[in-house]
Structure formats: C-alpha cells, structure tokens
Amino acid sequence: MQVSPRVIRTARAFDGERVVPGGVAVFVRDGLIAGVEAAQAPVPDGWELVEFPDATLLPGLIDMHCHLGADSDDGALERMATDSPARLEEVIDDSLRRQLAAGVTTVRDLGDRDWSVVRRRDLARGPGAPGVPAPAIVAAGPPITTPDGHCAFMGGGAEGPEQLRSAVRERVERGVDVVKVMGSGGVHTPGTDVVRCQFTLEELRLVVDAAHAAGLPVTVHAHALAAVEQALDAGVDGIEHCTCLTADGVLITDGLLERLARQDTAVCLTLGQTAEGVPPPQVQAIMDRFGLGFEQRQKAAARMYRAGVRLVSGSDSGINAAKAHGVLPAAVAELTAGGIPADVALATATSLAADACGVGYRKGRLRPGFDADLLVVRADPARDMAALADPVAVAVRGAWISPEP
C-alpha cells in the first residue's frame, strides 16, 4: 500500500530496547523507517507531519504464541477441530483483525489445522496479496504430536523415527518458519497428561536434529517439568509455557533456571488473560490441582528474569474467552506485576520477540531500514503498563489501520 512519506512525532518513545528520553521523530517512507531522530527534528519538504503530543511510540508488538484458527471463545479448539475450511478462513481473518487492533503487528502461530495459517502466510507474502494491513505471520503449521496426543486433531500426529523424520521433511517442504512439538500433554486435550512427556528423548532429539539440519528452529510445548528437562537435553530453541508441573505440584529449581539461562533458551510463559475472562473449567481444575495461580506465575517469571533466562511474550491467544486474540498487552503487564522492569517487559514483546522468531533483522525496533510497524499508545507504559492496552494508532509497514491519525 503506497502512502506519502511521514514524520511521526511523539512525546515519549520505547525503541524496542530502551526508553528514549524526550520522545522521537520517526521518518517513514515506502513502508520502512527511514530515520529516527530527536523529537524536534525538522520536517523535510514534501513530508507530512503526524504529531501525538501526549502519547508514546513503540515498535508494533509481537505475539509469540497464538492460534489464529481458534475463535477467542470457550470451546475454540473443539470448534477448530471440526470447522469447515471456509469457517477457518473467517476465523483467521477475525483473529488478525483483533490482534492488529491491539497493536500486534507480527504473530507467531504455533498450531494451525491442516496448514490453514501457513497458506494464509503464503498468500500475504505473494504477489497478489491483499492491500489491507494485517499482522505479519510466522507459522509452524500443525504441531508435531503423538497420534492421540495434545492437539492431534490439527494433523501433526506422528510416532516412530520414520514418521517423525517425515513430519520434519513435510514442514521443510511447506516452508514453515518454526517447528512446534507437543512435548507434554495439554489442558485442552482430554486423555493427555500434563505431567508426562509425549515423546522419548531420542525421538525429540531426532526432530530437533532434523529441523536444525534444515535451518529451522524448534520450540516445545512443555507443561511437565520432565518435558522441560527433556527439551533442554534435546537442544531445543524455545519452550512454551514452561510450567514445570510434577505430580506434587510446580517445581522450578535454581539449577533448572541456571540451565535455561546457560543454554539461552527462549521461554514463552504464555501469561495474560482478558480483564473479564474466566478460565474454562478444565483450566481452572489444573490451576487448583497444582496451586498454579496468577501470582505464582508472575513470581516464577520474575525468578527467571533474575536468573538471566531469555523471556519472550506470547499469550496462547484464541484458545478461549480468557485468552482472546489481542490479549498480549495483559501478558506484558503480568511481567511487570511480578517485578520485572518495564523496559525489559516491553522488550519481550518487541526486540527480544523479534530476535527469537527470526525477524529481528527487520522488526521489533525503531531503527532505520526496519519495517515501519508502529504502535502509539495514549499514556506511558514505562510508568503504568496498563497504557499498553490503550492504543491510539497502529501502522503496518507504514500503513495506518482505520481511522488514520
């Protein structure tokens, strides 16, 4: 989409890594950031000035864990299992709109059904792509799971060395951006066990080695402590949830934190829920069984930060009403509620997230040459993270979503 060159001027800014004192003037041309200067930098002839005198400018947010084919209401995964292809397309459209309205300009989809999100990503990248602004998609396709395992309905069931090698080959051929593996059972799949591994260490190593040989990172869904430890033994790049459940409750040792930090594993805790959302009964039952309250999760995040673990923010959005698409700002706010500094929390959804999902060379920072994915919020999230949930304007590659500023 062609737009005139603009200078975006705000009183405050976070550039993806640090708070910028005194705000910035960001020069945007042809969908890219052409320059980042002090707020009072002169406006060149022929450039439009757009000012937000009391607002904060940030890079567009990145949701590191979403399911675009899930419709943001209770029972979403059950419906996703049986939705028609046309219904799936409608849900993906709505999910992208919800994400963008919340200031999310890049999404990492970690589980679609029958490659529906991979196809949508390819359409958006192709020459006939629609001109409507939408978040960029980083896609995993159906997660690799056991034939009757967590989210097997998505089409990623595999067992034994040959099927696992074939599963990785198919993902390479389809051009996925990341390989997702269900390392433990999941809350939303009856009959699976959240405290046990779904694969053997040898099987998971086979997947990781094959994916790495093809240049693809691997991230593993792991609620069980055993699955977290297995993922580290296998050399994965990322761990989703990292809840560390045992039969006796949550167990996060200092030794585990040291290992997560030493191996530089990207950990996405999938925090955040809508203000009015109530966890579905099966989720609440797991929380009650393991003493897994919101405050405990926030404290665990703060421990990880203090230990040097590389945290990134994703919300597991779409899977139920409490985890609706667009809830990522709440996930970032939970980090600060646990004691993580605001600039670090913001980086988990911008620069650190961009680096972890392979787009750090062009997204997640206010930097010349990067995509002009921009978020303007009304107040100062560095002082009160609630401001992150109050967007004034959002741009994707320089194109502002309606209404334009």
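For the structure, check the block above.
All figures in this text were calculated on a predicted structure; none of them were measured in a lab.

Trainee: What am I meant to see in the packing of helix α4 (residues 160-174) against helix α5 (residues 201-213) here?
Mentor: Two numbers describe a pair of packed helices, the interaxial angle and the distance between the axes. In the contact formed by α4 and α5, the axes pass within 9 Å of each other and the chain directions differ by 30°. In terms of their interaxial angle, α4 and α5 are classed as roughly parallel. Read as a crossing pair, α4 and α5 show a hand that is right-handed. Contacts from G160, P161, L164, R165 and V168 in α4 reach E203, L206, V207, A210 and A211 in α5. For the contact of α4 with α5, the per-class residue count stands at 7 nonpolar, 1 polar and 2 charged.

Trainee: What is the right way to look at the layout of surface pockets in this model?
Mentor: The method is simple in principle: a probe with the dimensions of a water molecule rolls over the atoms, and the space it marks as empty is what remains. Estimated volume of the second largest pocket: approximately 160 Å³. Taken together, 14 residues form the lining of the second largest pocket, with Q273, T274, A275, V327 and A330 sitting closest to its centre. In terms of residue class, the lining of the second largest pocket is built from 9 nonpolar, 4 polar and 1 charged.

Trainee: Quick question: what am I supposed to make of the environment of T270 here?
Mentor: As for its placement among the helices and strands, T270 is situated in the loop between β13 (266-268) and α8 (281-290). Its relative accessible area of 9% is what places T270 among the buried residues. Considering only alpha carbons, one finds T270 and E258, 12 residues apart in sequence, at a separation of 21 Å. With residues up to four places along the chain from it excluded, the contact list for T270 reads H65, H241, R297, G314, S315, D316 and K323. Within the structure, the side chain of T270 is placed 2.8 Å from the side chain of H241, a separation counted as a polar contact.

Trainee: What is the right way to look at the nonpolar core in this model?
Mentor: Generally speaking, a soluble globular protein has its nonpolar side chains buried in company with each other. Counting 73 residues, the largest nonpolar core has I144, V179, V181, I239, C242, L260 and M304 as the members making the most contacts within it. Of the residues forming this core, the biggest block, 6 residues, is contributed by helix α6 (residues 225-234). The contact partners of C242, leaving out residues within four places of it in the chain, are A222, V228, L260, V267, L269, R297 and M304. One finds F370, L374, V376 and A393 within the second-largest nonpolar core, a separate group that totals 19 residues.

Trainee: Looking at this structure, how should I read the sheet that holds strand β6 (residues 61-66)?
Mentor: Sheet strands associate in pairs through backbone hydrogen bonding, adopting either a parallel or an antiparallel arrangement. A sheet is described by the order of its strands in space; here 3 strands give the open sequence β6-β7-β8, paired in parallel fashion. Two strands in the sheet have a free side with no partner beyond their single neighbour: β6 and β8 (136-139). Neighbour-to-neighbour, the strand axes of the sheet open up by a mean angle of 20°, direction not taken into account. The sheet contact formed by β6 and strand β7 (residues 104-109) spans 4 bridges and is parallel. From the neighbouring strand, D63 faces β7, where its bridge partner is V107. This element, helix α3 (residues 116-125), spans β7 and β8 of the sheet and lies at about 140° to β8.

Definitions and limits used
Residues numbered from 1 in each chain as written. Predicted model: local features only at pLDDT ≥ 70, side-chain atom pairs only at ≥ 80, totals over all residues. Heavy atoms only, no water. Axes fitted to C-alpha atoms, helices over the stretch in contact; angles between N-to-C directions. Helix = DSSP H or I, 4+ residues; strand = E, 2+ residues; numbered from the N terminus. Parallel < 35°, antiparallel > 145°, perpendicular 65-115°, else oblique. Left-handed = near helix turned anticlockwise from the far one by under 90°. Contact = heavy atoms within 4.5 Å. Nonpolar A, V, L, I, M, F, W, Y, C, P; charged D, E, K, R; others polar. 1 Å grid on protein atoms, 1.4 Å probe; cavity = no way out; pocket = protein on both sides within 12 Å on 5 of 7 lines; lining within 4 Å. Points joined across faces, edges and corners; volume = space filled by probe spheres on them. Buried < 20%, exposed > 50% of the residue type's maximum accessible area, 1.4 Å probe, protein only. Polar contact = N/O pair within 3.5 Å; in protein donor to acceptor, adjacent residues only side chain to side chain. Core = buried A, V, L, I, M, F, W, Y, C linked by side-chain atoms within 4.5 Å. Pairing = 2+ DSSP bridges.

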